[in-house]
Amino acid sequence: MLIPRSEHAAMTKEHSSLDLTPGASRRSAETQPRVLIIEDDPCQAELLQRWLLASGLSLSVAADAAAARRILAKERFELVIADVGLPDGSGLEVLKELRQSAPGTSTMLITAQAELDLALEALRSKVDDLLPKPLRREALAEKAVSLAWTARERQLQRRRVLA
């Protein structure tokens, strides 16, 4: 199902799914790591959703930087995946802001730009991973699941220390 751009731009609804990966234990939606996808291309956003839902992650989607900032102001996520090129700004800028407001959140940048300067800026900004487009399902799913669960564990450890 393709999502028209007008509907995709307004799309911020959370989607949940059980872990469908072979041999994986079933988790309830409450225990699934939460992931925010920031992607302005409706086809790419739908593809990412399919892949990550099948990996057992709970998802929210934002079509631009402004929508992402509104969602991030209200909700917490274990992982935020952002496209570099957004219609109203840079996904990297959103991730930089997130690093300041929610340092325990894992971050992943996806880009069609294979530039050394961008990779260096992402590293300096402490982005956890940078994936080039076209994305490969296995690489994306593996890294997203690993980053999300790592962030979840960091958050649980932080709560134990503070308790």
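For every chain, the first residue of its written sequence is number 1, and the numbers climb from 1 along that sequence. In keeping with the predicted nature of the model, local features appear solely for residues at pLDDT of at least 70, side-chain atom pairs appear and are counted solely at 80 or more, and the whole-chain, interface and lining totals rest on all residues. In computing side-chain properties, one takes all heavy atoms of the structure into account and sets aside hydrogens as well as water.

S.K.: Would you mind going over the nonpolar core in detail, with residue names and values included?
M.R.: Put simply, a nonpolar core is a bunch of buried Ala, Val, Leu, Ile, Met, Phe, Trp, Tyr and Cys residues held in one set by side-chain atoms that sit within 4.5 Å of each other. When accessible area is computed with a 1.4 Å probe and restricted to protein chains, residues below 20% of their type maximum are described as buried, those above 50% as exposed, and intermediate ones as partly exposed. Grouped together as the largest cluster of nonpolar side chains are 22 residues, with contacts concentrated most on Leu36, Ile38, Leu72, Val80 and Leu109. Labels follow the DSSP assignment, with helices taken as runs of H or I lasting at least four residues and strands as runs of E lasting at least two, numbered in each case from the N terminus. Those elements that place two or more of their residues in this core are strand S1 (34-38), helix H3 (65-74), strand S3 (79-83), helix H4 (91-101) and helix H5 (116-124). Take this core: its biggest share by element is five residues, from H3. Look past the residues within four positions of Leu72 in its chain and what remains in contact with it is Leu36, Phe77, Val80, Val94 and Leu98. In this structure, Ile37, Trp51, Leu131 and Ala144 belong to the second largest nonpolar core, which totals 20 residues. Throughout, a contact is declared for two residues whenever any of their heavy atoms are within 4.5 Å.

S.K.: Explain the pattern of salt bridges residue by residue, including any values.
M.R.: Put simply, a salt bridge is a Lys or Arg side-chain nitrogen that is within 4 Å of an Asp or Glu carboxyl oxygen. The tally for this structure, following the rule as stated, stands at 11 salt bridges. Note that Arg50 and Glu46 form a salt bridge whose closest N and O atoms lie 2.7 Å from each other. You can see Arg50 and its partner Glu46 sitting in helix H2 (residues 42-54), four residues apart, about one turn around the helix. With a closest N to O distance of 3.2 Å, Lys96 and Glu93 form a salt bridge. With Lys96 and Glu93 both in helix H4 and three residues apart, this pair spans about one turn of that helix. Via salt bridges that share partners, Glu39, Asp83 and Lys133 belong to a single interconnected network.

S.K.: How would you summarise the environment of Leu140 if you had to cite specific residues and measurements?
M.R.: Among the secondary structure elements, Leu140 is positioned in helix H6 (residues 137-162). When neighbours within four sequence positions are excluded, Leu140 is seen to be in contact with Leu48, Trp51, Leu52, Met108 and Leu131.

S.K.: So what's going on with the packing of H2 against H6? Which residues, and what values?
M.R.: Axis separation between H2 and H6 bottoms out at 10 Å; the angle between their running directions is 55 degrees. Of the possible angle classes, the one that applies to H2 and H6 is oblique. The two elements H2 and H6 meet at a crossing, and its hand is right-handed. Every residue of H6 that contacts H2 at Leu48, Trp51, Leu52 and Ala54 is listed here: Arg137, Leu140, Ala141 and Ala144. For helices, the axis comes from a line fit to the C-alpha atoms of the stretch in contact; other axes are also lines fit to C-alpha atoms, and the angle between any two N-to-C directions lies between 0 and 180 degrees. Orientation categories follow fixed angle ranges, with anything under 35 degrees roughly parallel, anything over 145 roughly antiparallel, 65 to 115 roughly perpendicular, and all other angles oblique. Less than a right angle of anticlockwise turn of the near helix away from the far helix marks a crossing as left-handed, whereas a clockwise turn marks it as right-handed.

S.K.: Go over the layout of surface pockets with me, naming the residues and quoting the values.
M.R.: Using a 1 Å grid laid over the protein atoms alone, points where a 1.4 Å probe fits but cannot get out form a cavity; open sets with protein on both sides within 12 Å along at least 5 of 7 lines form a pocket; any residue with an atom within 4 Å of a point counts as lining. Grid points are joined across faces, edges and corners, and a volume is the space filled by probe spheres set on the points. Within this model, the largest pocket holds a volume of roughly 160 Å³. Looking at side-chain class alone, the lining of the largest pocket contains three nonpolar, three polar and three charged residues. Under the scheme applied, nonpolar residues are Ala, Val, Leu, Ile, Met, Phe, Trp, Tyr, Cys and Pro; charged residues are Asp, Glu, Lys and Arg; polar residues are all the others, including Gly.

S.K.: Break down the pairing of S1 for me, citing the residues and quoting the values.
M.R.: The element S1 is largely enclosed, with a buried count of five among its five residues. Side chains Arg34, Leu36 and Ile38 project from S1 onto one buried face, and the interleaved Val35 and Ile37 project onto a second face that is buried too. Across five bridges, the pairing between S1 and strand S2 (residues 58-62) is parallel. Each bridged residue has a counterpart across the sheet, and for Ile37 the counterpart in S2 is Val61. Crossover connection from S1 via H2 to parallel S2: handedness right-handed. Direction of pairing for S1 relative to S3: parallel, over a ladder of four bridges. Following the sheet pairing, Val35 is matched in S3 by Leu79. For two strands to count as paired, DSSP must find a minimum of two bridges between them. Handedness of a crossover is defined as follows: with both strands directed away from the viewer, a clockwise route from the first strand across the helix to the second makes it right-handed.

S.K.: Explain the confidence of the model for the protein residue by residue, including any values.
M.R.: Summary of the metric used: pLDDT quantifies the predictor's per-residue confidence within the range 0 to 100. For the protein, the mean per-residue pLDDT works out to 82, and 80% of the residues sit at or above 70. Predicted confidence in the protein is weakest over helix H1 (residues 5-9), with a mean pLDDT of 39, and strongest over S1, with 98. Counted against residues more than four places away or in other chains, residues 1-28, with its pLDDT under 50, gives 61 contacts.

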